[in-house]
Amino acid sequence: MRIKMKLVKNLIIAAAFLATAAGIAVQAQEKAQTKANPVPSIVQKDGRYALMVDGAPYLMLGMQTNNSSDWPATLPQVWPAAEALHVNTVETPIYWEQFEPRPGQFDYTQIDTVLAQARAHHLHLVILWFGTWKNGSQHYMPEWMKLEPEKYSHVINKRGEPVDSPSPFAQASLDADIHAFTAFMKHLKAADPQRTVLMVQVENETGTWGTLRDYSPQAEKLFAAPVPADVLKAMNVSPGSRTANWQDVFGTEAEVNFHAWAIARYVGQVAAAGKAVYPLPLYVNAALRDPIKPGAPGSYESGGPTDNVLNIWKAEAPAIDVLAPDIYSNDTATYLKVLDLYHRPDNALFVPETSGSVANARFFFSALGRQAIGYSPFGLDYTRTPAPQAGATSAQDSFLQPTAQNYILIGPMMRDIARLNFEGKLQAVAEEPGTPTQTLHFGDWDAFVTYGSGRGAAPRQGSEPTGRALVAQLKDNQFLVTGMNAHIDFRPAGTEQQRKSQQIVNGSGQTPSAQIDGKWLHRQFLKVEEGTYENSVFKFRRILNGDQTDYGLNFSSAPLVLRVSVATY
Ligand code: DGJ
């Protein structure tokens, strides 16, 4: 009997030893894998951001599929569009209703399918977790949740009625989302050692339409309680108000701030749980409010990361790396204002959804000029129009053209653009109506961009602004220059000191010049090299001179990349 007991004891010790050894082996394998294939991350330096992929800054040239495109039946209509667009990244959803058809039973087939197909097409992915929220509703919750609305409860409006939006106070929904999202991230970690997936969006356009917040008894109690200290701090409210409730502290903004607080806390917990198992960059997207003339609460989706509550989201959902705007406006001032509002010292700019229209394509450059880490027009796959037959040139593809033009130009040098932007050496702009000239300052040089002008003539803009320009400083007197429908030239700008202390007079002759410290300096091109980028190396094609440079550098809609060396005489 004693011998038997001893044997059992030894067997248990041996099993424990083997289990520990196996655990250590898995950890070592994971470590080696992470070293060879680092997990994508967002890094910040001197107030600038980069998305690091394979250890270097990366610019996501993206497209987002239509909502119902991530199925085996429709993915074949996604990849040819991605190819025609020249994207490097496809954003596509994973649907909670597909992922967890029965409580606790996870179906990994669709994530595995999209991973395999993206890899076969040499593309990266951003996965959108269509979980508790989708455009403010709960339409992607699995059936078994939809059938139990008492448990997975809806927001209750002022009249006491349930609305088509999930309650951020539904603990059962939160637990279920955490459980499912964690299982998803765990699987992704195991299934994607290649790092095909660069980022994950948690939920989609969170918030509520039609009511400002939840008025359930539980919500009412919290709304009447003192505003939590972290919210006061985030919103820069004086400590004197610490005992006051939401209404007292925030007045007309009380309801939206309260709803944002509740949703950000919920999403923050889902995100933190997923990140704990696989630390990919995570972001949330926002259905915006008008950034210039915001209407009263109620005129926009309440509770999501709109510009007025970004601080609340930052404080309550620290596992979310980026708060990202979905920009569908065509108005220049509105578009640029949104970019400015979401490009903050504590937030990298990322545009996960926008329109791919002719009118909007140039804003890709405005985003680059604000160090965007990625850009991704929405709905650009062939589920809405059949793909043209091989070889056919078809108007069917016209909805892809504006985005394709941008990516054909920037794609070959996207690593350089991302690096130069991270280093603070790049500036980019888009044409603004009524502003025919824009000036970019680079040390001793100003780059000036004019739109719509003829040779040497006074700038005259066309009716549809389409111009865009990008200049990056490679050396003191050397620049990478590209653009579309724009004219770019350089003018001596003097040193910062000279600019501060002297009046600098710009010349008006054909050659850009400036009088600095009483002395005229004229720009001359030392060399204007036309080339292409291949694997981050500028491949010289020819020198441009004569008619091609005598009136500055002209960019049409055809891709053109120049390396320009300047001097003065
Ligand atoms: C914004 C949402 O985030 C997308 O999923 C989609 O519904 C578009 N609006 C509109 O088609």
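Here the structure is shown first, and the text comes after it.
Small disclaimer: the values here were computed from a predicted structure and weren't measured.

Visitor: Is there a simple way to explain the overall build of the protein chain in this structure?
Guide: Secondary structure assignment for the protein chain yields 16 helices and 26 strands. Against the globule reference of 25 Å for 569 residues, the protein chain gives a C-alpha radius of gyration of 27 Å, in line with a compact fold. With the principal axes as the frame, the protein chain shows a C-alpha extent of 100 × 65 × 50 Å. Residues classed as buried in the protein chain amount to 52% of the 569 residues present.

Visitor: Is there a simple way to think about the pairing of strand β1 (residues 41-45) in this case?
Guide: It is a general feature of regular strands that their side chains alternate between the two faces of the sheet. Relative to strand β2 (residues 48-53), β1 runs antiparallel, the two being bridged by 5 bridges. Counterpart to Ile 42 in the pairing with β2 is Leu 51.

Visitor: Please clarify how the sheet that holds β1 should be interpreted in this entry.
Guide: The pairing of strands in a sheet comes from backbone hydrogen bonds and takes either a parallel or an antiparallel form. Taking strand neighbours across the sheet as the criterion, the 3 strands line up as β1-β2-β3 in an open arrangement whose pairing is antiparallel. Edge positions in the open sheet fall to β1 and β3 (56-58), since each of these has one partner strand only. For this sheet, the mean inter-axis angle between neighbouring strands, taken without regard to orientation, is 55°. Sheet strands touched by helix α15 (residues 414-422): β1, β2 and β3. Its angle to β3, the strand with the most contacts, is close to 105°.

Visitor: Mind showing me how you'd approach the nonpolar core here?
Guide: Side chains of nonpolar character tend, in soluble globular proteins, to be buried together. Counting residues in each nonpolar core, the largest one holds 127 residues, and the members touching the most others are Phe 184, Leu 188, Val 200, Trp 313 and Ile 410. The element contributing the most residues to this core is helix α10 (residues 254-277), with 11 residues. Within the second largest apolar cluster, 23 residues are counted, among which are Trp 445, Phe 525, Val 528 and Leu 544.

Visitor: Is there a simple way to think about the site of the ligand in this case?
Guide: Inspection of the region around the ligand gives Asn 67, Lys 134, Asn 135, Asn 204, Glu 205, Asn 285, Asp 326, Tyr 328, Glu 353 and Phe 378 as its neighbouring residues. A distance of 3.0 Å separates an oxygen atom of the ligand from a polar side-chain atom of Asn 135. At a separation of 3.4 Å, an oxygen atom of the ligand approaches a polar side-chain atom of Glu 205. Expressed as a share of its isolated accessible area of 290 Å², the protein-covered part of the ligand is 74%.

Visitor: Help me understand the packing of aromatic side chains in this model?
Guide: One pair of aromatic rings is described through two measures. These are the centre distance and the angle between the planes. Within the structure shown, the criterion is met by 29 aromatic pairs. For the ring pair Tyr 95 and Tyr 140, a centre distance of 5.5 Å and an interplane angle of 15° mean the geometry is stacked. Here Tyr 140 lies in the loop between β6 (124-134) and α5 (143-146) and Tyr 95 lies in strand β5 (residues 89-95), a separation of 45 residues in the sequence. Owing to a relative accessible area of 11%, Tyr 140 belongs among the buried residues under this scheme. Both rings, one in Phe 130 and one in Tyr 140, keep their centres 4.8 Å apart while their planes meet at 65°; by these two values the pair is edge-to-face. Pair noted here: Phe 130 is in strand β6 and Tyr 140 is in the loop between β6 and α5, with a separation of 10 residues, a long-range link.

Visitor: Just to check I follow, could you spell out the pattern of salt bridges for this structure?
Guide: Pairing is possible between side chains that carry opposite charge, provided their charged atoms lie close to one another. Tallied over the full model, the rule gives 18 salt bridges. The shortest N-O distance in the salt bridge between Arg 48 and Asp 46 comes to 3.9 Å. By sharing partners, the salt bridges in this structure join Asp 416, Arg 419, Glu 423 and Lys 425 into a single network.

Visitor: How should I be thinking about empty space enclosed by the protein in this particular structure?
Guide: Regions of empty space are outlined by a rolling probe, equal in size to a water molecule, passed over the atoms. Under the defined criterion, the tally for this structure stands at 2 cavities of 30 Å³ or more. Size it by volume and the largest cavity reaches roughly 60 Å³. For the lining of the largest cavity, the elements supplying multiple residues, two or more each, are β2, β3 and α15. For the lining of the largest cavity, a count of residues per class yields 10 nonpolar, 2 polar and no charged. For the second largest cavity, the calculated volume is near 40 Å³. In this structure, the second largest cavity is lined by Ser 355, Gly 356, Ser 357, Ala 361, Tyr 375, Pro 377, Pro 402, Thr 403 and Asn 406. Here the lining of the second largest cavity gets 3 residues from one element, more than from any other, and that element is helix α14 (residues 401-410). Here the residues of the lining of the second largest cavity are counted per class, giving 4 nonpolar, 5 polar and no charged.

Visitor: Can you walk me through the sheet that holds strand β16 (residues 437-442) in this structure?
Guide: Ordered by their spatial adjacency, 4 strands build an open sheet running β16-β17-β20-β25, and the pairing between neighbours is antiparallel. A single partner strand is all that each edge strand has here, and the edge strands are β16 and β25 (553-555). Strand-to-strand twist in this sheet, taken as the mean axis angle between neighbours without regard to direction, amounts to 25°. Where strand β17 (residues 445-450) meets strand β20 (residues 486-492), 6 bridges bridge the pair, whose relative direction is antiparallel. Looking across to β20, one finds that Phe 448 is bridged to Asp 489.

Visitor: I would appreciate a short explanation of α14 in the present structure.
Guide: Think of an α-helix as turning once every 3.6 residues; residues three or four places apart then point the same way. In terms of burial, α14 is a largely internal element, 7 of the 10 residues being buried. All of the buried residues in α14 are Pro 402, Thr 403, Ala 404, Asn 406, Tyr 407, Leu 409 and Ile 410.

Visitor: I would appreciate a short explanation of unusual backbone geometry in the present structure.
Guide: What is expected of a backbone is that most residues other than glycine have negative phi and most peptide bonds are trans. Within the chain, Asp 46 stands out as a residue other than glycine whose phi angle is a positive 50°. Relative to the assigned elements, Asp 46 resides in the loop between β1 and β2. Given the relative accessible area of 61%, Asp 46 is considered exposed. Even without being a glycine, Asn 535 presents a positive backbone phi close to 45°. Under the relative-accessibility criterion, Asn 535 is labelled exposed at 77%.

Parameters at a glance
- Residues numbered from 1 in each chain as written.
- Predicted model: local features only at pLDDT ≥ 70, side-chain atom pairs only at ≥ 80, totals over all residues.
- Heavy atoms only, no water.
- Helix = DSSP H or I, 4+ residues; strand = E, 2+ residues; numbered from the N terminus.
- Rg over C-alpha atoms; globule rule 2.2 N^0.38 Å.
- Buried < 20%, exposed > 50% of the residue type's maximum accessible area, 1.4 Å probe, protein only.
- Pairing = 2+ DSSP bridges.
- Axes fitted to C-alpha atoms, helices over the stretch in contact; angles between N-to-C directions.
- Contact = heavy atoms within 4.5 Å.
- Core = buried A, V, L, I, M, F, W, Y, C linked by side-chain atoms within 4.5 Å.
- Near = heavy atom within 4 Å.
- Polar contact = N/O pair within 3.5 Å; in protein donor to acceptor, adjacent residues only side chain to side chain.
- Areas by Shrake-Rupley, 256 points an atom, 1.4 Å probe, with all protein chains shown as cover.
- Phe/Tyr/Trp six-rings, centres within 6.5 Å; stacked < 30°, edge-to-face > 60°.
- Salt bridge = Lys/Arg side-chain N within 4 Å of Asp/Glu carboxyl O.
- 1 Å grid on protein atoms, 1.4 Å probe; cavity = no way out; pocket = protein on both sides within 12 Å on 5 of 7 lines; lining within 4 Å.
- Points joined across faces, edges and corners; volume = space filled by probe spheres on them.
- Nonpolar A, V, L, I, M, F, W, Y, C, P; charged D, E, K, R; others polar.

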